[in-house]
Each structure stands twice: as C-alpha cells, then as structure tokens.
Amino acid sequence: MNSVKAKALKAIESLPDDCTWENVRYRLYLLSEIELGLADVEAGRVVSQEEAEAEVEKWLASRGRKKRLVG
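Attention here is on the structure that accompanies the text. Treat the numbers as computed from the prediction; the structure is a model and nothing was measured. (Residues numbered from 1 in each chain as written. Predicted model: local features only at pLDDT ≥ 70, side-chain atom pairs only at ≥ 80, totals over all residues. Heavy atoms only, no water.)

### So, the overall build of the chain
Argument step 1. In terms of helices and strands, the chain carries 3 helices and 0 strands.
Argument step 2. The secondary structure elements of the chain, listed N-terminal to C-terminal, are α-α-α.
Argument step 3. On C-alpha atoms alone, the chain measures out to a radius of gyration of 18 Å, which is more than a quarter above the 11 Å that the 2.2 N^0.38 rule sets for 71 residues.
Argument step 4. When each of the 71 residues of the chain is scored for burial, the buried share is 8%.
Argument step 5. By element, 58% of the accessible surface of the chain is carried by carbon and sulfur atoms, the whole surface being about 6500 Å². (Helix = DSSP H or I, 4+ residues; strand = E, 2+ residues; numbered from the N terminus. Rg over C-alpha atoms; globule rule 2.2 N^0.38 Å. Buried < 20%, exposed > 50% of the residue type's maximum accessible area, 1.4 Å probe, protein only. Areas by Shrake-Rupley, 256 points an atom, 1.4 Å probe, with all protein chains shown as cover.)

### Let's talk about the packing of helix H1 (residues 4-13) against helix H2 (residues 21-42)
Argument step 1. It is at 10 Å that the axes of H1 and H2 come closest, and there the two elements cross at 135°. One finds that H1 runs oblique with respect to H2. Read as a crossing pair, H1 and H2 show a hand that is right-handed. Here Lys7, Ala8, Ala11 and Ile12 of H1 lie close against H2, whose contacting residues are Val24, Arg27, Leu28, Leu31 and Glu35. (Axes fitted to C-alpha atoms, helices over the stretch in contact; angles between N-to-C directions. Parallel < 35°, antiparallel > 145°, perpendicular 65-115°, else oblique. Left-handed = near helix turned anticlockwise from the far one by under 90°. Contact = heavy atoms within 4.5 Å.)

### Some points on helix H3 (residues 49-62)
Argument step 1. Its 14 residues give H3 an end-to-end C-alpha distance of 20 Å, which sits within 8% of 20 Å, the value for a rise of 1.5 Å per residue.
Argument step 2. One or two residues past the end of H3 sits glycine 64, with phi positive at roughly 85°. (Expected span 1.5 Å × (residues − 1).)

### Remarks on the pattern of salt bridges
Argument step 1. A full pass over the atoms with the stated rule returns 4 salt bridges.
Argument step 2. A salt bridge links glutamate 35 to lysine 7, with the shortest nitrogen-to-oxygen separation between them at 3.2 Å. A residue pair is termed long-range when its members are at least 10 positions apart, and glutamate 35 in helix H2 and lysine 7 in helix H1 qualify at 28 residues.
Argument step 3. Glutamate 55 is paired through a salt bridge with lysine 58; the nearest N and O atoms lie 3.1 Å apart. Of this pair, glutamate 55 and lysine 58 both sit in helix H3, 3 residues apart, which is roughly one turn of the helix. (Salt bridge = Lys/Arg side-chain N within 4 Å of Asp/Glu carboxyl O.)

### What about the environment of lysine 10?
Argument step 1. As for its placement among the helices and strands, lysine 10 is situated in helix H1.
Argument step 2. Lysine 10 gets classed as exposed once you look at its relative accessible area, which sits at 54%.
Argument step 3. The spatial distance from the C-alpha of lysine 10 to the C-alpha of glycine 64 is 47 Å, given a sequence separation of 54 residues.

What follows is the structure in structure tokens.
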C-alpha cells in the first residue's frame, strides 16, 4: 500500500463515522505534510538542532529580543 490513493483511503477509513469534511481535509493535509517532511529527510534537506536554534536567535535579535524564551 504505497500509492497516494491507498494511503489517503487508509487515512480516511481510520476516521470515525461521524467525522466532518474538515476532519477529512485536515487528516489528508497532515498526511501530505508528513510525506513531504520525510522526503526532505531522505534528500538530506535538514538542519541540526543547533543550526535551527542559531537561526531562531538571529531572528529574535533582529526583532529586538535578546534572550531565548526557553532553555
């Protein structure tokens, strides 16, 4: 069961019978985003935790924040 259609059907079938269209849309959106993220990992399009934290620090500093909120 590797096709997109098969994965979508499995995701929809796992929802309760009284789900809404919004539940269906969200489940499929989430599944799609997870697949895209896994493809990024496979292709090496990732950054380390330290690199991500450094980017957040630079972003916060550019907006006048000097200290990290957590950690």
